[in-house]
Amino acid sequence: MKVRRCSTPEEIKKRKKAVLFCLSDDKKCIVVEEGKEILVGDIGVTISDPFKHFVQMLPEKDCRYALYDASFETKESKKEELMFFMWAPDQAPLKSKMIYASSKDAIKKKFPGIKHEHQANGQEKLGGSLIVAFEGSPV
């Protein structure tokens, strides 16, 4: 997911902007949720607002983990950093929330490039007052 300076334009288009993870059917493994990803090449072609699309991919009644390769601006600079989300909506079953919470550290260890971690149960505002633009749009 992270930017590589030597990437060709074709490699950049195939790079993942966002990926959702869920538990396997037997609840013993964390797997990539099929069809729940955003490729950099889709932005501006089939997806106009990648973060809005990302939020819409999250289920209303179950938990998920997600990685999002975010572009944002602070008052000092522009940044691109990997964000980890644990999505646990209020409507999710208690057992699901407990399993996701207890296995969160295991998945985070697999992604050493994570710069920010967020736990969300609704559409909370990202970044507080330090971020002035997120994905090219003012916040």
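Residues numbered from 1 in each chain as written. Predicted model: local features only at pLDDT ≥ 70, side-chain atom pairs only at ≥ 80, totals over all residues. Heavy atoms only, no water.

## Looking at unusual backbone geometry
And then number 1: Positive phi values are uncommon outside glycine, yet lysine 27 reaches one of about 65°.
And then number 2: In this structure, lysine 27 sits in the loop between β1 (16-23) and β2 (30-39). (Helix = DSSP H or I, 4+ residues; strand = E, 2+ residues; numbered from the N terminus.)

## Remarks on the confidence of the model for the protein chain
And then number 1: Within the protein chain, residue pLDDT values average 83, and 84% of them lie at 70 or more.
And then number 2: Averaged pLDDT values for the elements of the protein chain fall to 60 in strand β6 (residues 131-134) and rise to 94 in helix α3 (residues 94-108).
And then number 3: pLDDT under 50 marks residues 125-129. Its contacts with residues more than four places away, or in other chains, come to eight contacts. (pLDDT = per-residue confidence, 0-100. Contact = heavy atoms within 4.5 Å.)

## Regarding the nonpolar core
And then number 1: With 16 residues, the main nonpolar core has Leu20, Ile38, Phe54, Tyr68 and Phe85 as its most contacted residues.
And then number 2: Where this core is concerned, the elements lending two or more residues are β1, α2 (50-57), β3 (64-74) and β4 (78-87).
And then number 3: Top element by residues in this core is β3. It accounts for four residues.
And then number 4: Look past the residues within four positions of phenylalanine 54 in its chain and what remains in contact with it is Ala18, Leu20, Ile38, Ala66, Tyr68 and Phe85.
And then number 5: Judged by nonpolar contacts, the second largest core, of 15 residues, contains Cys22, Cys63, Tyr100 and Ile114. (Core = buried A, V, L, I, M, F, W, Y, C linked by side-chain atoms within 4.5 Å. Buried < 20%, exposed > 50% of the residue type's maximum accessible area, 1.4 Å probe, protein only.)

## Let's talk about the pattern of salt bridges
And then number 1: If you walk through the whole model with that rule in mind, you get seven salt bridges.
And then number 2: Of the charged contacts in the structure, one is a salt bridge between glutamate 117 and lysine 104, with a shortest N-O distance of 2.8 Å. Placement of the pair is glutamate 117 in strand β5 (residues 114-120) and lysine 104 in helix α3, with a sequence separation of 13 residues.
And then number 3: Residue glutamate 117 is classed as partly exposed on the basis of its relative accessible area of 36%.
And then number 4: The class for lysine 104 is buried, based on a relative accessible area of 15%. (Salt bridge = Lys/Arg side-chain N within 4 Å of Asp/Glu carboxyl O.)

## Describing α2
And then number 1: Residues of α2 that are buried: Pro50, Phe51, Phe54 and Met57. Take α2 and look down its axis: the buried residues cluster within an arc of 115°, on one side only. Exposed and oriented more than 90 degrees from the buried face of α2 are Lys52 and Gln56.
And then number 2: Where α2 begins, one side-chain oxygen reaches toward the backbone nitrogen of phenylalanine 51, 3.3 Å away; that side chain belongs to aspartate 49. (Arc of directions from axis to C-beta. Polar contact = N/O pair within 3.5 Å; in protein donor to acceptor, adjacent residues only side chain to side chain.)

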